[in-house]
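The lines below spell out each chain.
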Amino acid sequence: MAKTCVYLGDKLAKYGFPDGHPFSSDRYSVYRDTMQDTGLADRCCVQSPCSATVEQLKRFHTAEHVANVKHCSKIGRGYLDAGDTPAFPGVYEAAAAVVGTTLAAADSIMKGDCRHAFSPIGGLHHARRNIASGFCVFNDCGAAIEHLFSVYKLDRILYVDIDAHHGDGVFYSYESDERLIFLDFHQHSKTLYPGTGKASETGIGAAQGTKLNIEMLPGSGDEAFFEEWEKGRRFIDRFAPEFVLLQCGVDSLHGDPITDLHYTDRVHRFVTEQLISYAELHCKGRLLALGGGGYNLGNIAKGWISVTRAMVDA
Ligand SMILES: [Zn+2]
């Protein structure tokens, strides 16, 4: 049994916005090429992307949002949010392929085909249940959480997010749901989109204390992250989840054009290794990593490959 499944296929390259938008199709190509050039693809179980069904999308999203994306996809222009996320011809199919691939990766882990999996274009953590947001048309993280709750009857999932941006689409969808343990390291809410994820936001009602937002000052590097990680580690050690999701956005690496964090890919490798040990302890090693943001192509190659390599080497 191969321990790590990765998803490669041109369907994933279709999720890229046109006209010089930072979220381009090249993000996928760089990952695929680096996987092949380094020989890492040969050490993984390589799977093809899948498309999510309308029913799977509607487990997380409202029927109105799904219908609106379908409509805008046919027209092929306009915006799916206030102005960050443009529609293009085929955007529905492209976004459904990202979600379907993340769900297939979750299935592979749950069925025991692999222990760890990586869905490179996944991690679209800004989309809300009822609207697209911040380059994210559908939220594959949320769709995977709903899939695991409803199909596999799990009732405790850990979501860790090291993207420079706060995972607001996940956080606010589960703010009062204690079944989702949420840990998010992001650039300080006053200094970066979406401006949410204050340290004081720790969940509401029965979910109070199941969420931890850690705000990193602009300019923070590896040492600052490792120091804060200790706080995060003590937090997750209080729980025993049945599945671990990692949104490993690489826009937190030094040199990203739209953020101000300065990690190296040591952080991405370290967090993956930590979560593998944690998942081995609590949930048969079940760890699904979702690529997330990152708009410097060299950093995609470094960061996503470091996560994949940590999984393969485990
Ligand atoms: Zn981001």
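Refer to the structure printed above.
Quick caveat: nothing in here was measured; it's all calculated off a predicted structure.

Some details on the nonpolar core
Ranked by internal contacts, the top residues of the largest apolar core, which has 97 residues, are Ala95, Val137, Phe138, Tyr159, Val244, Leu245 and Leu246. When residues of this core are assigned to their parent elements, the largest contribution, 13 residues, is made by helix α5 (residues 91-110).

Notes on the sheet that holds strand β4 (residues 157-161)
Pairing within the open sheet is parallel, and its eight strands lie in the order β2-β1-β3-β8-β7-β4-β5-β6. What marks the edges here is a single partner per strand, and that holds for β2 (45-47) and β6 (211-216). Averaged over all adjacent pairs, the angle separating strand axes in this sheet is 15 degrees, with direction ignored. In this sheet, strand β7 (residues 243-247) lies alongside β4 in parallel orientation, the contact comprising five bridges. Residue pairing in the sheet places leucine 158 in a bridge with valine 244 of β7.

Topic: the packing of α5 against helix α6 (residues 140-150)
Contact geometry for α5 and α6: axes closest at 9 Å, N-to-C directions at 40 degrees. Here α5 lies oblique to α6, going by the angle between them. Like other packed secondary-structure pairs, α5 and α6 cross with a definite hand, here right-handed. Across the interface between the two elements, Val98, Val99, Thr102, Leu103 and Ala106 of α5 pack against Asp140, Ala143, Ala144, His147 and Leu148 of α6. When the residues that make up the contact of α5 with α6 are grouped by side-chain class, the tally is seven nonpolar, two polar and one charged.

Quick notes on the rules
Residues numbered from 1 in each chain as written. Predicted model: local features only at pLDDT ≥ 70, side-chain atom pairs only at ≥ 80, totals over all residues. Core = buried A, V, L, I, M, F, W, Y, C linked by C-beta atoms within 7 Å. Buried ≥ 20, exposed ≤ 12 C-beta atoms within 10 Å, placed from the backbone. Helix = DSSP H or I, 4+ residues; strand = E, 2+ residues; numbered from the N terminus. Pairing = 2+ DSSP bridges. Axes fitted to C-alpha atoms, helices over the stretch in contact; angles between N-to-C directions. Parallel < 35°, antiparallel > 145°, perpendicular 65-115°, else oblique. Left-handed = near helix turned anticlockwise from the far one by under 90°. Contact = placed C-beta atoms within 7 Å. Nonpolar A, V, L, I, M, F, W, Y, C, P; charged D, E, K, R; others polar.

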